[in-house]
Each structure stands twice: as structure tokens, then as C-alpha cells.
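# Tertiary structure, described
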Amino acid sequence: MNPVNATSLYVSASRSVLQCDPRDPRALAELCKLLPFFRQSLSCLVCGNLLQDPIAPTDSSCQHYVCRGCKGQRMQLKPSCSWCKDYSRFEENRQLSLLVHCYRKLCLYITQSPLAPHVASAASNSPDLQAILSEGQTLAEGETGSRGRFLSL
């Protein structure tokens, strides 16, 4: 996924979170649709987890991203990409690093907001949303000592 697309998804997801009225089923459905797409745009093509220290090919238009720790391993692409087989051409991607940070902050915000119980209710049928809430809750628990209490799901 192109970081421009991930940036666009971040803007859309953030707007949806900030403008969401939990009493409006369409607004909640839109939010619950956008969040997994945004999360997927930040997934490593080797391990499938949220990118950590993202790297990308420098001279390719394919835009496939992996974690620095996954460099050299086989990507989960079918069919495989001929553009990015040479990991020696991969370098740090700062834009994706910032987007991962923004994603984490958005998850944290959701778990602390009045939207949390509504998104949690919608997540009961969606493993993708459950993972997003779990990531947000993990962040909230990590910051509890430094900032006080947080909404628990």
C-alpha cells in the first residue's frame, strides 16, 4: 500500500472518529469499516503484524513494506513481487513510521473516548476491530502509570 493511501485512510479514520455520533448507526458503521482498512495498510507483508521500523524498496513502484526485523524473509504475496525481491534495496520509511505512531494514538484515543463501548459492541462480530481495540487497550495500560486512569473495555 502506498503511504499516500495510508495517510488518506488515517485522515478519513480520524475524521470519522472525531465526528462519530454513536447514536447514528451509519456513522458507527463507517468508522468500523475504516479502522480495519487503516490497520491493514500498516501491516508487514512478512509477519502480518503492525509495522515496526518499516522499510521499503527505494527504486520500486510496488510499495511493499516490511518490518526491519522481517527483512530477508519471504513475503506473503501471491503472486510474488518481482520488484522487491532484493532486500538490499530496502531502506527506512519515515512516513510509514509516523503513520504507525498516529495509528497507535488513534487506537488509544478510541479506547479512552465515549465511543469505546459502541465500537466494542460492534467488534463482537469483527476480529479486525477486536484487534484494533486490543492494541489501543495495550497502549492505554502502558500509559496508565504516567497519566492516570483510562476507560476499560
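By the naming in an unreviewed UniProt entry, the protein is E3 ubiquitin-protein ligase MSL2, taken from Takifugu bimaculatus. According to the UniProt record, the Sequence similarities (unreviewed entry) comment for the protein reads "Belongs to the MSL2 family."

When you line up the elements, T111 lands in helix 3 (residues 94–112). The class for T111 is buried, based on a relative accessible area of 1%. A distance of 2.8 Å separates a polar side-chain atom of T111 from the backbone oxygen of L108.

The next thing to look at is the packing of aromatic side chains. Tallied over the full model, the rule gives 3 aromatic pairs. Considering the side-chain rings of Y10 and F38, the 5.6 Å spacing of their centres and the 40° angle between planes classify their relative orientation as tilted. One end of the pair, Y10, is in helix 1 (residues 3–19); the other, F38, is in helix 2 (residues 25–41), with 28 residues separating them in the sequence. With centroids separated by 5.5 Å and ring planes inclined at 70°, the aromatic side chains of F38 and Y103 adopt a geometry described as edge-to-face. Within this pair, whereas F38 is found in helix 2, its partner Y103 is found in helix 3, the two being separated by 65 residues in sequence. Judged by its relative accessible area of 0%, F38 falls in the buried class. Looking at Y103, the relative accessible area reads 1%, which means it is buried.

Here the protein averages 81 in pLDDT, and 87% of its residues register 70 or above. Across the protein, strand 2 (residues 66–67) holds the top mean pLDDT of 92, while helix 5 (residues 127–147) sits lowest at 69. A low-confidence stretch, residues 145–153 stays under pLDDT 50, and its non-local contacts, those more than four residues away or across chains, total 17 contacts.

Another aspect to go through is the nonpolar core. Grouped together as the largest cluster of nonpolar side chains are 43 residues, with contacts concentrated most on L31, L35, L42, V66, M75 and V119. Among residues more than four places away in sequence, those in contact with M75 are L45, V46, H64, V66, C84, Y87 and F90.

Moving on to the pattern of salt bridges. On inspection of all chains with the given rule, the structure shows 3 salt bridges. Note that K33 and E30 form a salt bridge whose closest N and O atoms lie 3.5 Å from each other. Separated by 3 residues within a single helix, K33 and E30 lie in helix 2, roughly one turn from each other. In this structure, R94 engages E92 in a salt bridge whose closest nitrogen and oxygen atoms are separated by 3.9 Å. For R94, a relative accessible area of 57% corresponds to the exposed category. Residue E92 is classed as partly exposed on the basis of its relative accessible area, which comes to 45%.

Thresholds, definitions, all that
- Residues numbered from 1 in each chain as written.
- Predicted model: local features only at pLDDT ≥ 70, side-chain atom pairs only at ≥ 80, totals over all residues.
- Heavy atoms only, no water.
- UniProt positions renumbered as here; feature names shortened; annotations may be inferred.
- Helix = DSSP H or I, 4+ residues; strand = E, 2+ residues; numbered from the N terminus.
- Buried < 20%, exposed > 50% of the residue type's maximum accessible area, 1.4 Å probe, protein only.
- Polar contact = N/O pair within 3.5 Å; in protein donor to acceptor, adjacent residues only side chain to side chain.
- Phe/Tyr/Trp six-rings, centres within 6.5 Å; stacked < 30°, edge-to-face > 60°.
- pLDDT = per-residue confidence, 0-100.
- Contact = heavy atoms within 4.5 Å.
- Core = buried A, V, L, I, M, F, W, Y, C linked by side-chain atoms within 4.5 Å.
- Salt bridge = Lys/Arg side-chain N within 4 Å of Asp/Glu carboxyl O.

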